[in-house]
Number of protein chains: 2
Amino acid sequence: MLFKIAVDCIIFTYDQQAHQLQVLLIRRENAPAQGEWALPGGFVDQLEDFAVTAARKLRQETGVDVSYLEQVQAYALTDPTAGQRLASVAYYALLDVAHYAPAADRTHYAQWVDLAQLPVLPFDHGQKVQDAWRRLQEAARHRPVPFHLLPRKFPLNHLQKFYEALYQVPLDNRNFRKWVKGLPYVEALAEVEQGVSHRPSQLYQFNTAAYSAYEQITQRTPY
Amino acid sequence: MLFKIAVDCIIFTYDQQAHQLQVLLIRRENAPAQGEWALPGGFVDQLEDFAVTAARKLRQETGVDVSYLEQVQAYALTDPTAGQRLASVAYYALLDVAHYAPAADRTHYAQWVDLAQLPVLPFDHGQKVQDAWRRLQEAARHRPVPFHLLPRKFPLNHLQKFYEALYQVPLDNRNFRKWVKGLPYVEALAEVEQGVSHRPSQLYQFNTAAYSAYEQITQRTPY
DNA sequence: TCAAAAGTGTTTCTGGTACACCCATGC
DNA sequence: GCATGGGTGTACCAGAAACACTTTTGA
């Protein structure tokens, strides 16, 4: 039994204005579900790892390289209306919104959509988004996820807002700041925000080298 | 481009005598890698969810239903010697060793092998075992994994040995017992072990209802 | 001087870790 | 009575959680 295999990509970004995680959706140009909003992706048409396929498709869609790409899982399409055997492998990716804004004139083809306000998606795309989100939350416990989605220099409050959006919980800002300051790989800069009508915030940045060192020695307790 | 899709199963069990996690391997009856030890599995030949396929293949192999089945991930076989496009989806499963012992006369076809002493496996099966093990370790932090692999009634020390095997670290038994006694879903029985030449150990069992209740209220802290 | 958001410390509590000896049984 | 593995408690420390006011800027 032979299958066509699709890769579906859940591309997350973070909207600093709205303090919301967003997902990139495109309007499907072909049947089935033509004209509906759905996840970007495409069929595997080369002999290569699925991650490579996913990265390639995304580069075609957006013109940029995503900075983080992980497999969610594989899904069998149990309702193959087209009479074809279909399987799909979902990947989630992170993309700084500043690096990719859908062209204004193509707004009808690709758009960032708030995770909280997703339309009903065709096929199993809704499920895939949920699964990917869960995976992203899990990944962010062990890995420096937010730095892919924030500008290089950011104030701590933005970082906090990001975590609040990711986990959908409010965080205590004093405890949060204390926690971040204990991380050796988040480094305070001498710089502050400019031109705001309130006390300017100090800027921080992610330190890759410090993170590598830190990663080496990190161990998790069992059970 | 069309693919054949295989499911590969990493079936874990726990050997109480050796205090070792084990994986079920079979001797491949067909080329490629004919006669070598490899993971059980087979090609997807029905229109159904991959998990269902995996469960079916395992029932065919072992004659029993596994009690836990989770997808690891999908892999593209990047070196298709057969000239065929192959993909595979790995699943890991848990099976109480008491429920399935490979028939003695078929020892050459299926066998439990210590995770610590795996032979070199063909294809990417070695990688898959490692990935599955990692996933199992992760799952055991949040879910009552061990109870699928221990007899219904067990002494706490066996539970401890299981965790030591799973995470490959020694645990302090006083702290471990303290931890377990704090879990509402592990319930002490009035019964003790019989016929051992040392102090008999008290038996415990997993309480499904208590676990369901506990699961509801469990929340993990973000970041 | 006001509005708006940034920033700051202390106390309490909980859970993790380290550590050494007595107990019940069969032989 | 001895060998074998089962079973117990306490003190210390680190990290999480709760909690309210002052600071800096532009308008």
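No experiment lies behind these values; they were computed from the predicted model shown. (Residues numbered from 1 in each chain as written. Chains lettered and ligands numbered in written order. Predicted model: local features only at pLDDT ≥ 70, side-chain atom pairs only at ≥ 80, totals over all residues. Heavy atoms only, no water.)

## Things to note about the overall build of chain A
Using the following cut-off: Counting from the N terminus, the helices are DSSP H or I runs at least four residues long and the strands are E runs at least two residues long. Throughout, a residue-residue contact means that at least one pair of heavy atoms, one from each residue, lies within 4.5 Å. Only the protein chains shown count as covering a residue, and every accessible area follows the Shrake-Rupley method with a 1.4 Å probe. Counting rule applied: Lys, Arg positive; Asp, Glu negative; His and chain ends not counted. Taken as the charge location is NZ of Lys, CZ of Arg, CG of Asp or CD of Glu.
Helix and strand counts for chain A stand at five helices and 10 strands. In terms of overall dimensions, chain A has a C-alpha envelope of 60 × 45 × 30 Å along the principal axes. When contacts within chain A are restricted to residue pairs at least 6 apart in sequence, long-range pairs at least 24 apart make up 64% of them. For chain A, the exposed surface amounts to about 11,300 Å²; the carbon and sulfur share of it is 48%. Counting 22 positive and 23 negative side-chain charges, chain A places the centres of these two groups 5 Å from one another.

## As for the interface of chain B and chain A
Put simply, the rule is: Any carboxyl oxygen of Asp or Glu within 4 Å of a side-chain nitrogen of Lys or Arg constitutes a salt bridge here. Side-chain atoms alone can form a polar contact between residues adjacent in sequence; in general such a contact is a pair of N or O atoms within 3.5 Å, and within protein one must be able to donate a hydrogen while the other accepts it. Gly is placed with the polar residues, together with every amino acid not listed as nonpolar (Ala, Val, Leu, Ile, Met, Phe, Trp, Tyr, Cys and Pro) or charged (Asp, Glu, Lys and Arg). Strands are labelled as partners when DSSP assigns at least two bridges between them.
Counting residues at the interface gives 37 residues for chain B and 37 residues for chain A. The interface formed by chain B and chain A holds zero salt bridges in total. Counting across the chain B and chain A interface gives three residue pairs in polar contact (both at pLDDT 80 or more). Secondary structure elements with two or more residues in the side of chain B that touches chain A: β1 (2-15), β5 (68-76), β6 (86-94), α2 (125-142), α3 (156-167) and α4 (173-181) of chain B. Take the side of chain B that touches chain A: its biggest share by element is five residues, from β5(B). Of the residues that constitute the side of chain B that touches chain A, the class distribution is 21 nonpolar, seven polar and nine charged. One ladder, built from three bridges, connects strand β1 (residues 2-15) of chain A with β1(B); its direction is antiparallel. In the strand pairing of β1(B), Phe3(A) is matched with Phe3(B).

## Let's talk about the sheet that holds strand β10 (residues 202-206) of chain B
Residues and elements named next belong to chain B. Filter applied, for reference: Under this scheme, a helix contributes an axis fitted over its contacting stretch, all axes are lines through C-alpha atoms, and angles between N-to-C directions fall in the 0 to 180 degree range.
Taking strand neighbours across the sheet as the criterion, the three strands line up as β8-β10-β9 in an open arrangement whose pairing is antiparallel. Pairing within the sheet leaves two strands with one partner each, and these edge strands are β8 (153-155) and β9 (186-192). Strand-to-strand twist in this sheet, taken as the mean axis angle between neighbours without regard to direction, amounts to 45°. Where α3 meets the sheet, it contacts β8 and β10, and its direction lies at approximately 80° from that of β8.

## A few points about the sheet that holds strand β9 (residues 186-192) of chain A
Residues and elements named next belong to chain A. Taken in spatial order, the three strands line up as β8-β10-β9 in an open sheet, and their pairing is antiparallel. Single-partner strands in this sheet number two, and they are β8 (153-155) and β9. Strand-to-strand twist of the sheet, defined as the mean angle between neighbouring strand axes without regard to direction, takes the value 45°. In terms of strand pairing, β8 meets strand β10 (residues 202-206) through three bridges, oriented antiparallel. Its bridge partner being in β10, Pro-155 is matched across the sheet by Leu-203. Relative to the sheet, helix α3 (residues 156-167) contacts β8 and β10, its axis offset from that of β8 by approximately 80°.

## Quick word on the protein's contact with DNA strand C
Condition: Any residue with a non-hydrogen atom lying within 4 Å of a molecule or strand is treated as near it.
Neighbouring DNA strand C are 21 residues; Asn157(A), Arg177(A), Lys178(A), Gln202(A) and Val196(B) lie closest to it. Restricting attention to atoms of DNA strand C within 4 Å of the protein, one finds that 47% of them are sugar or phosphate atoms. Interatomic distance of 2.9 Å between a side-chain N/O atom of Lys178(A) and a base oxygen of DNA strand C. With respect to DNA strand C, the backbone of Gln202(A) contributes an N or O atom lying 2.6 Å from a phosphate oxygen.

## As for the protein's contact with DNA strand D
Neighbouring DNA strand D are 22 residues, the closest being Arg199(A), Lys178(B), Lys181(B), His198(B) and Gln202(B). Among the atoms of DNA strand D lying within 4 Å of the protein, the sugar-phosphate backbone contributes 44%. In the environment of DNA strand D, a base nitrogen lies 3.2 Å from a nitrogen or oxygen atom belonging to the side chain of Lys178(A). In this structure, a base oxygen belonging to DNA strand D sits 3.5 Å away from a side-chain N or O atom of Arg174(B). When residues of the surface near DNA strand D are traced back to their parent elements, those giving at least two are α4 (173-181) of chain A together with α4 of chain B. Per-element tally for the surface near DNA strand D: the top contributor is α4(B), with five residues. Within the surface near DNA strand D, the residues separate by chemical class into three nonpolar, 10 polar and nine charged.

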